[in-house]
Amino acid sequence: MSTGELLAIEPQELKFPFELKKQISSSLRLSNKTDDYVAFKVKTTNPKKYCVRPNTGVVLPRSNCDVVVTMQAQREAPLDMQCKDKFLLQSVVVSTGTTQKDITPEMFTKESGNVVEECKLKVIYVAPPKPPSPVPEGSEEGGSPRASVSDNNGNLIASELNAAMRAYSESQEKPAEVTTLITRLTEEKNSAVQQNNLLKQELELLRRATRDQRGGFSIVFVVVMALLGILIGYLLRK
């Protein structure tokens, strides 16, 4: 934190987790250490590269103000991830009731007679945070895949046991409903058995009728052939 007499600045360095082709932001907190109104202005050596919001403002007595610095998307990474850009934060005591629209560039010049406090801030690039890698099942410290499978089986058994206990408890609480259900299912079973037996009997009768029809046809055919043979023999004798 800065040891300035007017504003305390935290942090003292603007750190950006550098990534190509991506806008990155870093924030500063300005804390007014006095009982006066303090105006501030933020400058940079590379204004086309950064966007500062707000770049000017007024911090009320014993109050805080946050400043967000956004770096535009970069197409190339700097050599050795080193950055030479710098920021300068100027602060000055202003009259009570001063607002942001009242701030002028002349307030921060020595010619104005104001005591201008300045603080220089470095820009540092850091590696972006890596996403957490998924932990494979059973790879926890002190654990093993077999132990994990065993735990899963144990959980499944416990779940089934709980379900069975709940079902038993419900059956104890509602014996009349359970009895009614069993009776209805038994009646439906007996009815299905009777229908099955009837179908078997009808099928057997149908088979017998088919066999009888085939037998009758055979007898008729034999009789016809016999009569035809007699007729042919009678004609030949003539």
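Before reading further, recall that the structure is shown in the block above.
Residues numbered from 1 in each chain as written. Predicted model: local features only at pLDDT ≥ 70, side-chain atom pairs only at ≥ 80, totals over all residues. Heavy atoms only, no water.

What follows concerns the sheet that holds strand 6 (residues 56-59). On the basis of which strands lie adjacent, the open sheet formed by five strands has the order 2-9-8-4-6 and mixed pairing. Strands at the two margins of the open sheet, each flanked by one partner only, are strand 2 (13-17) and strand 6. Between one strand axis and the next, the sheet turns through 25 degrees on average, direction left out of account. Strand direction decides the pairing type here: strand 4 (residues 37-44) and strand 6, joined by four bridges, are antiparallel. What sits directly across from A39, in strand 6, is V58. (Pairing = 2+ DSSP bridges. Helix = DSSP H or I, 4+ residues; strand = E, 2+ residues; numbered from the N terminus. Axes fitted to C-alpha atoms, helices over the stretch in contact; angles between N-to-C directions.)

This part is about the pattern of salt bridges. Overall, the coordinates contain five salt bridges when judged by the stated rule. A salt bridge links D66 to R29; the shortest N-O distance between them is 2.8 Å. Remark: R29 occurs in strand 3 (residues 24-32) and D66 occurs in strand 7 (residues 64-71); sequence separation between them is 37 residues. Its relative accessible area of 41% is what places D66 among the partly exposed residues. Owing to a relative accessible area of 39%, R29 belongs among the partly exposed residues under this scheme. We note a salt bridge from K49 to D85, for which the minimum N-O separation is 3.0 Å. Taken together, the residues K49 in the loop between strand 4 and strand 5 (50-53) and D85 in the loop between strand 7 and strand 8 (86-94) connect sequence positions 36 residues apart. Of the two residues, K49 and D85, neither departs from the other in class, the shared state being buried. (Salt bridge = Lys/Arg side-chain N within 4 Å of Asp/Glu carboxyl O. Buried < 20%, exposed > 50% of the residue type's maximum accessible area, 1.4 Å probe, protein only.)

What holds strands together in a sheet is hydrogen bonding between their backbones, with the strands either parallel or antiparallel. With antiparallel pairing, the four strands of this open sheet are ordered in space as 1-3-7-5. With one partner strand each, in any of the chains shown, strand 1 (7-10) and strand 5 form the two edges of the open sheet. Pairwise comparison of adjacent strand axes, ignoring direction, gives a mean angle of 20 degrees for this sheet. As judged from the four bridges shared by strand 5 and strand 7, these two strands associate in the antiparallel manner. What sits directly across from V52, in strand 7, is V69.

This next bit is on the pairing of strand 4. Where strand 4 lies against strand 8, eight bridges are found, and the strand directions are antiparallel. Residue pairing across strands places Y37 opposite V94, the latter belonging to strand 8.

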